[in-house]
Amino acid sequence: MSILKLVARNLLRRKGRFVFTLLGITIGMASFVALLSIGGNMQNEVTRQAYALGGNFVIVPDDLCVYNQIGIITGEAISESLDFGAFERIAAIEGLTVIPHLTQRTAIQNATVTVTGMLPAETKAFRGWEMYAGEYFASQDQQAVVIGQGTRNRFDLEVGDELTIRGEAFPIIGILAATNSNDDVTLHIPLAIAQRVFEREGRISFMSAIVDNMERVDEYATAIMNVANVNVATNEQLLNSVLMILGSVNVTLQAVAGVALIAAAFGIINTMMTAVFERRREIGILQAIGAKGRAIFKIFVLESGIYGLLGGIIGVGAGFLVSMFVAPIVAQNNEAMLMGVTMGSSIDVQLVITTILFSVVISIVAGLYPAWKAAKLTPVEAISYE
């Protein structure tokens, strides 16, 4: 009988034990894949949203915390800490195009959504918006709303429907073409209307800016800070500060996944040690017919490796399935600071291969001690076992 056939027979000898041991490594690897997949997609989504801002600079209040910086990237409502006069002074700087934003919250069908007040004509040109359906704002003081396609799909809205914001009626006059940014999940209204409705007269949340000459970026940043009490960050700087926070979250997720893997490894050790104890007579017979300790060691290592291979393959599939269901929930969770409803779970081929190899390695390492114990048995000890 070949070693592989012997290994397969031994694994299936105790079907219940085989299934439960396999479940242990499968659950461990599924947790590993799901947590890393969700963490990786969070970073990818934040990166995509940051570059979708469409400006060289993001101008924020001087005391803005990291939570609010994440809010800028992901389209969350943030506090209105800048006065409109700061915008006017910065906009007067030659060679700089500046767009103000006031972000607030409202509800549609008991679900929280973000409302952005903006200058209609300027923002459309700045963001390069195109219309999917309906019309755009005709004036700066038109009491109406333009929605993104994400909002349209989520709440089954169409042009002509009416939304209530802070007790006032806002007809939907248009739907933006998909931008693959937080603009898709935001309600857009003129800035003056937003300031009045939300009682934030003369206030804005942050500004986006584009410079005419990228070689003078530092000069522009200095000029901006000279005329207003603000902080100026490039999209890359803003992104890096947010990714530092998400990096800490990913480390925590990896630690949780690591605990699950350690538990699975101890499960394999326990199973293999039990197998060594139960199969001492079989080991003695193999030695009696000429099997060397090296061959017996190989049998037990192969058995633990097969647990890792099967558990890794099934765990990868289960992990991605879990992340596919969990990612949309995370994306709609305000506490998670990710309003980009396009966030999903994509299959990372490198992660798949790495995870399966990792599973096999962990299982083999977990099986080394039981395999060594089996190989060290003498024929007399093994055969005389009752």
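Preceding this paragraph is the structure being described.
A brief report on the enclosed structure follows. The model shown is predicted, which means the values in this text are computed figures rather than measured ones.

A separate point is the overall build of the protein. Helix and strand counts for the protein come out as 13 helices and 12 strands. Within the span of the protein, comprising 386 residues, buried residues form 48% of the whole. Pairs at least 24 apart in sequence give 79% of the contacts found in the protein among residues at least 6 apart.

It is worth spelling out helix α5 (residues 120-127) at this point. Within α5, the full set of buried residues consists of Pro120, Thr123, Phe126 and Arg127. An end-on view of α5 places all buried positions within 135 degrees of arc, on one side of the element. Set apart from the buried face of α5 by more than 90 degrees, the exposed residues are Ala121 and Ala125. Turning to α5, the residues buried within the fold contact β3 (96-108), β4 (111-118), β9 (186-190) and β11 (206-211). Once α5 finishes, Gly128 follows within two positions and takes phi at roughly 70 degrees, a positive value.

Our next topic: a nonpolar patch on the surface. A surface patch of nonpolar side chains, amounting to about 400 Å² of accessible area, comprises Val19, Phe20, Leu23 and Ile27. Position of Leu23 among the secondary structure elements: in helix α2 (residues 15-51). Judged by its relative accessible area of 39%, Leu23 falls in the partly exposed class.

Attention shifts here to the pairing of β4. Most of β4 is tucked away: seven of the eight residues are buried. With seven bridges joining them, β3 and β4 adopt antiparallel strand pairing. Among the inter-strand pairings, Arg105 is bridged to a residue of β4, identified as Thr114. Connecting β3 to the antiparallel partner β4 that follows it, the hairpin turn spans two residues, and Gln109 within it adopts a positive phi of roughly 50 degrees. As paired strands, β4 and β9 are joined by five bridges and run parallel to one another. In the strand pairing of β9, Thr114 is matched with Thr186.

What follows covers the packing of aromatic side chains. Counted by the stated rule, this structure contains four aromatic pairs. The interplanar angle of 50 degrees and the centroid separation of 5.0 Å between the aromatic rings of Phe84 and Phe87 together place this pair among those described as tilted. In this pair, Phe84 and Phe87 both sit in helix α4 (residues 84-91), three residues apart, roughly one turn of the helix. Owing to a relative accessible area of 22%, Phe84 belongs among the partly exposed residues under this scheme. Positioned over the ring face of Tyr136 is Lys124, at 4.9 Å from the centre of the ring.

What follows deals with the nonpolar core. Among the nonpolar cores identified, the biggest contains 42 residues, and Phe57, Ile90, Leu96, Leu187 and Ile224 are the most heavily contacted of them. Among the nonpolar cores identified, the runner-up in size contains 30 residues, and Ile25, Met272, Val276 and Phe320 belong to it.

With that settled, consider the side chain of Asp184. Within the secondary structure, Asp184 sits in the loop between β8 (168-176) and β9. Apart from residues no more than four positions distant in its own chain, Asp184 is found in contact with Gly148, Gln149, Gly150, Thr151, Ala177, Ala178 and Thr179.

Taken as a whole, this structure holds three salt bridges when the rule is applied. A salt bridge links Asp183 to Arg127; its shortest N-O distance comes to 2.5 Å. Residue Asp183 is located in the loop between β8 and β9, and its partner Arg127 is located in helix α5; the two are separated by 56 residues in the primary sequence. Across the pair, exposure class does not vary: Asp183 and Arg127 are buried alike. Of the charged contacts in the structure, one is a salt bridge between Glu168 and Arg196, with a shortest N-O distance of 2.9 Å. You can see Glu168 sitting in strand β8 and its partner Arg196 sitting in helix α7 (residues 191-197), a full 28 residues away along the chain.

Let's shift gears to α4. Among all positions in α4, only Ala86, Phe87 and Ile90 are buried. Here the buried residues of α4 occupy an arc of 100 degrees about the axis, which is enough to place them on one side. Between the side-chain oxygen of the N-cap and the backbone nitrogen of Gly85 there are 2.9 Å, and the N-cap of α4 in question is Asp83.

It is worth spelling out the side chain of Thr116 at this point. With respect to the element layout, Thr116 can be found in strand β4. In contact with Thr116, not counting residues within four places along its chain, are His101, Leu102, Thr103, Thr186, Leu187, His188 and Ile189.

Further remarks concern the pairing of strand β1 (residues 57-61). The buried fraction of β1 is high, at five of five residues. Where β1 and β11 come together, three bridges link them in antiparallel fashion. What sits directly across from Val58, in β11, is Ser208.

What counts as what
- Residues numbered from 1 in each chain as written.
- Predicted model: local features only at pLDDT ≥ 70, side-chain atom pairs only at ≥ 80, totals over all residues.
- Heavy atoms only, no water.
- Helix = DSSP H or I, 4+ residues; strand = E, 2+ residues; numbered from the N terminus.
- Buried < 20%, exposed > 50% of the residue type's maximum accessible area, 1.4 Å probe, protein only.
- Contact = heavy atoms within 4.5 Å.
- Arc of directions from axis to C-beta.
- Patch = residues over 30% accessible without salt bridge, like charges linked within 9 Å, V, L, I, M, F, W, Y side chains within 5 Å.
- Areas by Shrake-Rupley, 256 points an atom, 1.4 Å probe, with all protein chains shown as cover.
- Salt bridge = Lys/Arg side-chain N within 4 Å of Asp/Glu carboxyl O.
- Pairing = 2+ DSSP bridges.
- Phe/Tyr/Trp six-rings, centres within 6.5 Å; stacked < 30°, edge-to-face > 60°.
- Lys NZ or Arg CZ within 6 Å of the ring centre and 35° of its normal.
- Core = buried A, V, L, I, M, F, W, Y, C linked by side-chain atoms within 4.5 Å.
- Polar contact = N/O pair within 3.5 Å; in protein donor to acceptor, adjacent residues only side chain to side chain.

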